Every structure is written in C-alpha cells, then in structure tokens.
Amino acid sequence: MPQLFDAPTVIRTKRDGGALSDAAIDWVIDAYTHGRVADEQMAALLMAIFLRGMSDPEIARWTAAMVASGDRLDFSDLRRDGKPLALVDKHSTGGVGDKITIALVPVVMACGAAVPQAAGRGLGHTGGTLDKLESIPGFTAELSTAQIRQQLCDLGAAIFAAGDLAPADRRIYALRDVTATTESLPLIASSVMSKKIAEGTRALVLDTKVGSGAFLKTEAESRRLARTMVDLGTAAGLVTRALLTDMSTPLGRAVGNAVEVEESLEVLAGGGPADVVELTVALAAEMLDAAGIDGVDPAETLRDGSAMDRFRDLVAAQGGDATRKLPVGAHTETVTAPRGGTMGSIDALAVGLAVWRLGAGRSVPGEQVQPGAGLRIHRRPGEPVTAGEALFTLYTDTPERFAGAVAELDGGFTVADEAPPARPLIVDRMAS
C-alpha cells in the first residue's frame, strides 16, 4: 500500500492554518512513535500547532492517537475487601512550587481511595513530581505493571513514570520542553489526558493553573483548557472535574526538587504553608467525591498522622528511604531586601525560571537535574520586610549558575509600603 502521508505535507498543512485530518493525525503520531518522523520534523509540527492552534475535533483525535500509541492499563478487576477499588487520580497543569501531589496522594490513600498516579518530569519553568520524589534516596518511579497493581491493592497508590503509556506523548513531552512549545492549549490538553486515559483510573480531578506561573497566561485560556480536558475525560468514560487555582505567586515557600519534598513532609506532619495545606485538602475532597467516598475528612489525616504513615509506606514500597537526609545544593546565594516595608508580589514565572537556571530543570532532553537545586522564599506577600534581610536563598551544586538565576529574579518581586490585595487560591470549579 502506498504511503498516503509525509511529514513535510502534514507540517505545511498546519503551518498554513489548515486542519489535520483524522488519518493525518493517526499517521504522524504512529510514525513519530516508531522513528519514521524525525525529531526536527515533529519539532516543526509542534511549533506550527503552537502558532496555529487546533480545533476541538483535532485535539480529541490527537489525544486518542497518543493513547493508542502504547498500552492502556485496566485495573477494573482489582478488589480490596471484596469491593472494587475506588480509583481516582489528580493532575496539575504545571506550577511553581507545586508539590501538592507528594502530600495529596497519601491523604487520599488514608481516606480509602486508590491512586494510580502516572507522573511526569519537569517541563519548562515548572517542576516535575518525579524529579522531586527521585531526590529521596533510593526512590524509583520505574514500576512494572505487576508492581503497580500490587501497590494499588496493598497500599492504595503507586506513583510511576508513564513508561509504555502513551509513548508518543513521552517523546513529544521531552521535545516540547526544549523547543519553547510548552505553552500550547492543544498540546497541554492532549498530553495530560492521553496519559490519564491510558493509566486506568476511573475518576480524575484536574488542577488547572491560572496566572503568570501557569503555561497559559490568561484566565480565559485556562478556563478553555479546563473545559477541554474535562470534556476529553468525560468522553473517555472518566468522572472528570477541574479546579482553577491561582499560580500568580509560587505555592508555599520552597521551589525546586528536594526542598519541595521537605516542605511536603512539613504538611504531612500537620504543619507547612497555609496555601499548600488548603489546596491539598481541597483537591483531596474533590477526589474523594469523584471516587464516591463520603463521610471522611481529609484534613484529619494530616492531624492524626495517618497520611504521613501512608507516605512512608509508599516511599518504602518504591525503594526509597524517607529517614535519610535529603540533598541540598553545595553552594548558596541570598537575595536581600532593597528597602524595608511589606513584601509585595512575587512573580511565579520569575521564580520558576530562576530555579530552572539553578539546575532543577532541563535545557536538553534527558538531562539530569540537580536534586539539591532550588530556592527558599523567606517572606511571602504581605509579610513585613526589613532592609537588607534575606528574601530568597538559592541552592545549586554549580555556583556559576547563580548569576543567571539572580537575573531572572530581578524585577520578579516588590517590596512596598502596603500589602498587595489578597487573591483567592481557588478561582473556580468545573465539572462535566
């Protein structure tokens, strides 16, 4: 049978603003997965999609093609105490200081649900759950399907790399990270939903970010992204809902890899920053409701220590040692207050880029991140500031990175006479 498509024609169609046919999408995803379309050709197509966009039918077909590129897990036969597992997952569209998954999964486990969490690595200026968790000595996310099934039954969760799930997305995800094509609604929606549809969950809660630290900068775009993902999930048979949450300011006081794990441990111990706790509990409540579990208070699992117990069990099952000291960058640099007053705004994008410059993220596909790279925020918006005091502490193993990181922070925060207006953490909620 003659080949009906070629990469230059598909690229040209989208470059010129045309719609890709179902057959063209199926062909290009399959051909890229199997090496018949080169990275530079897919990079050109991704940029064309970034600039020209996709219609809803194109996004749906692109998502379906990525699901079909690999395995699709099925946990419908799994039982606990003779009952089917209440399977539910959560996904964030990417934020700065967004370590929510690390505490959220143990909270939901402690409340009786099961979480098959296919997690990702850092993308652009945002951190990745796997990069953070792999800063725990020994922790691995490379799990077999048999181990995932066993952990779901025995513990109630598994946090794993997508592996053979949507392998087309794994390659495209890495390419987007280094070709400035991350901030694309069609590519974000299809990436998220292809993995979540393939991972075998029955319900899904989406944390869709709004603000400067989000990939999509306007609230209108974030709303459309949330609606697109909810519709994709619903069409695939998942109970799907979304929270729109603020990402104009970093979450918590720690941004990076190991520093975010440390802050998550504070939350699991019943403390931690108020915004991280608030969002963790709100998302847990949504997940439990979507899974059909009622009559439990997720906040209680943080107070009584049961979520911390589940976290330790989960880390141990995946080879990690939660008792060992987490890595910290060998070199530090501080950014001090230019004047006294009140901490004003802290731009999430500036902080995310600074941490990326420190080595917490990647500039080429497959690059190793620094587990100890990161940043601590000593004064949150609205807190009093004294001239000359440390506002940020930066960590890295490669001190030549400090200049670039400090340059990213320049202009990324203010010290003012009055506190900035308070912003709600949870902006809105969407459901099917």
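Residues numbered from 1 in each chain as written. Predicted model: local features only at pLDDT ≥ 70, side-chain atom pairs only at ≥ 80, totals over all residues. Heavy atoms only, no water.

Accessible area lost during the coming together of the parts is what is often quoted as the interface size. Taken domain by domain, the protein chain consists of domain 1 (7-53), domain 2 (79-324) and domain 3 (331-416). Just the C-alpha atoms count here: the centres of domain 1 and domain 3 sit 38 Å apart. (Domains from an automatic or database assignment.)

Our next topic: the pairing of strand β6 (residues 203-210). Counting buried residues along β6, eight of its eight residues qualify, which places the element largely inside the surrounding structure. On β6, burial covers both faces: A203, V205, D207 and K209 on one face and L204, L206, T208 and V210 on the other are all buried. Note that strand β3 (residues 88-92) and β6 share five bridges and pair parallel. Bridging across to β6, D89 finds its partner in L204. Inspection of the sheet shows β6 paired to strand β7 (residues 239-246) by eight bridges, in the parallel sense. Pairing of V210 across the sheet is with D246, part of β7. For the handedness criterion, the β-α-β arrangement of β6, helix α10 (residues 219-235) and β7 is classed as right-handed. (Buried < 20%, exposed > 50% of the residue type's maximum accessible area, 1.4 Å probe, protein only. Helix = DSSP H or I, 4+ residues; strand = E, 2+ residues; numbered from the N terminus. Pairing = 2+ DSSP bridges. Right-handed = clockwise from strand over helix to strand, strands pointing away.)

Turning our attention to the packing of helix α2 (residues 22-33) against helix α8 (residues 167-178). It is at 9 Å that the axes of α2 and α8 come closest, and there the two elements cross at 80 degrees. One way to sum up the angle between α2 and α8 is to call them roughly perpendicular. In contact with I29, Y32 and T33 of α2, α8 contributes P167, A168, R171, I172 and L175. (Axes fitted to C-alpha atoms, helices over the stretch in contact; angles between N-to-C directions. Parallel < 35°, antiparallel > 145°, perpendicular 65-115°, else oblique. Contact = heavy atoms within 4.5 Å.)

Direction vectors running N to C along helix α3 (residues 39-52) and α8 enclose 70 degrees, while the axes themselves pass 10 Å from each other. The angle between α3 and α8 places the two elements in the roughly perpendicular class. When α3 is examined against α8, the residues D39, M42, A43 and L46 are found in contact with a partner set consisting of R171, I172, L175 and R176. Split into classes, the residues belonging to the contact of α3 with α8 amount to five nonpolar, no polar and three charged. (Nonpolar A, V, L, I, M, F, W, Y, C, P; charged D, E, K, R; others polar.)

Here the focus is α10. Taking 1.5 Å per residue, 17 residues should reach 24 Å; α10 reaches 24 Å between its end C-alpha atoms and fits that length. The inward-facing, buried residues of α10 abut α4 (56-68), α9 (185-198), β6, β7 and β15 (426-431). (Expected span 1.5 Å × (residues − 1).)

All right, on to the pattern of salt bridges then. Counted under the stated rule, the structure contains 34 salt bridges. Residue D89 is joined to K196 by a salt bridge in which the shortest nitrogen-to-oxygen separation is 2.5 Å. Separated by 107 residues along the polypeptide, D89 in strand β3 and K196 in helix α9 bring together distant segments of the chain. For the pair D89 and K196, a shared accessibility class is recorded, and that class is buried. Between R121 and D131 there is a salt bridge, and its shortest N-O distance comes to 3.5 Å. Of the two residues, R121 is situated in the loop between β4 (115-119) and α6 (129-133) and D131 in helix α6; the sequence distance between them amounts to ten residues. (Salt bridge = Lys/Arg side-chain N within 4 Å of Asp/Glu carboxyl O.)

Okay, the sheet that holds strand β13 (residues 390-396) next. Taken together, the four strands give an open sheet; going across it, the order is β8-β11-β13-β9, and neighbouring strands pair in antiparallel fashion. Every other strand in the sheet has two partners, leaving β8 (254-256) and β9 (331-336) as the edge strands with one partner each. Strand after strand, the sheet turns through a mean of 15 degrees between neighbouring axes, direction not considered. Its contacts with the sheet put helix α16 (residues 402-409) on β9, β11 (374-377) and β13, and the angle it makes with β13 is roughly 145 degrees.

Attention shifts here to the sheet that holds strand β10 (residues 341-346). The three strands are arranged β12-β10-β14 in an open sheet whose pairing can be described as antiparallel. Edge positions in the open sheet fall to β12 (384-385) and β14 (413-416), since each of these has one partner strand only. The pairing of β10 with β14 spans three bridges and is classified as antiparallel. Paired with T342 across the two strands is A416, which belongs to β14.

This part is about the layout of surface pockets. The volume enclosed by the largest pocket comes to roughly 580 Å³. Surrounding the largest pocket, 27 residues form its lining, G120, R121, L130, D131 and R362 being those nearest its centre. Put simply, the parts of the chain that give the lining of the largest pocket at least two residues each are α6 and α8. The residue inventory of the lining of the largest pocket, partitioned by class, reads eleven nonpolar, six polar and ten charged. (1 Å grid on protein atoms, 1.4 Å probe; cavity = no way out; pocket = protein on both sides within 12 Å on 5 of 7 lines; lining within 4 Å. Points joined across faces, edges and corners; volume = space filled by probe spheres on them.)

Attention now moves to empty space enclosed by the protein. The full count for this structure, using the stated rule, is three cavities of 30 Å³ or more. Of the pockets and cavities examined, the largest cavity occupies roughly 370 Å³. Together, 28 residues line the largest cavity, and H91, S92, T93, G94 and Y173 are the ones closest to its centre. When residues of the lining of the largest cavity are assigned to their parent elements, the largest contribution, six residues, is made by α9. When its residues are assigned to classes, the lining of the largest cavity shows eight nonpolar, 13 polar and seven charged. By volume, the second largest cavity is sized at about 140 Å³. In this structure, the second largest cavity is lined by 20 residues; those nearest its centre are H125, T126, G127, V355 and A360.

On to the nonpolar core, then. Core analysis: the biggest nonpolar cluster contains 72 residues, and V108, F392 and L394 have the highest contact counts within it. Once you skip the residues sitting within four places of it in the chain, L394 turns out to touch H331, T332, E333, V335, L358, G374, L375, F402, A405, V406 and L409. One finds L152, A158, A189 and L206 within the second-largest nonpolar core, a separate group that totals 61 residues. (Core = buried A, V, L, I, M, F, W, Y, C linked by side-chain atoms within 4.5 Å.)

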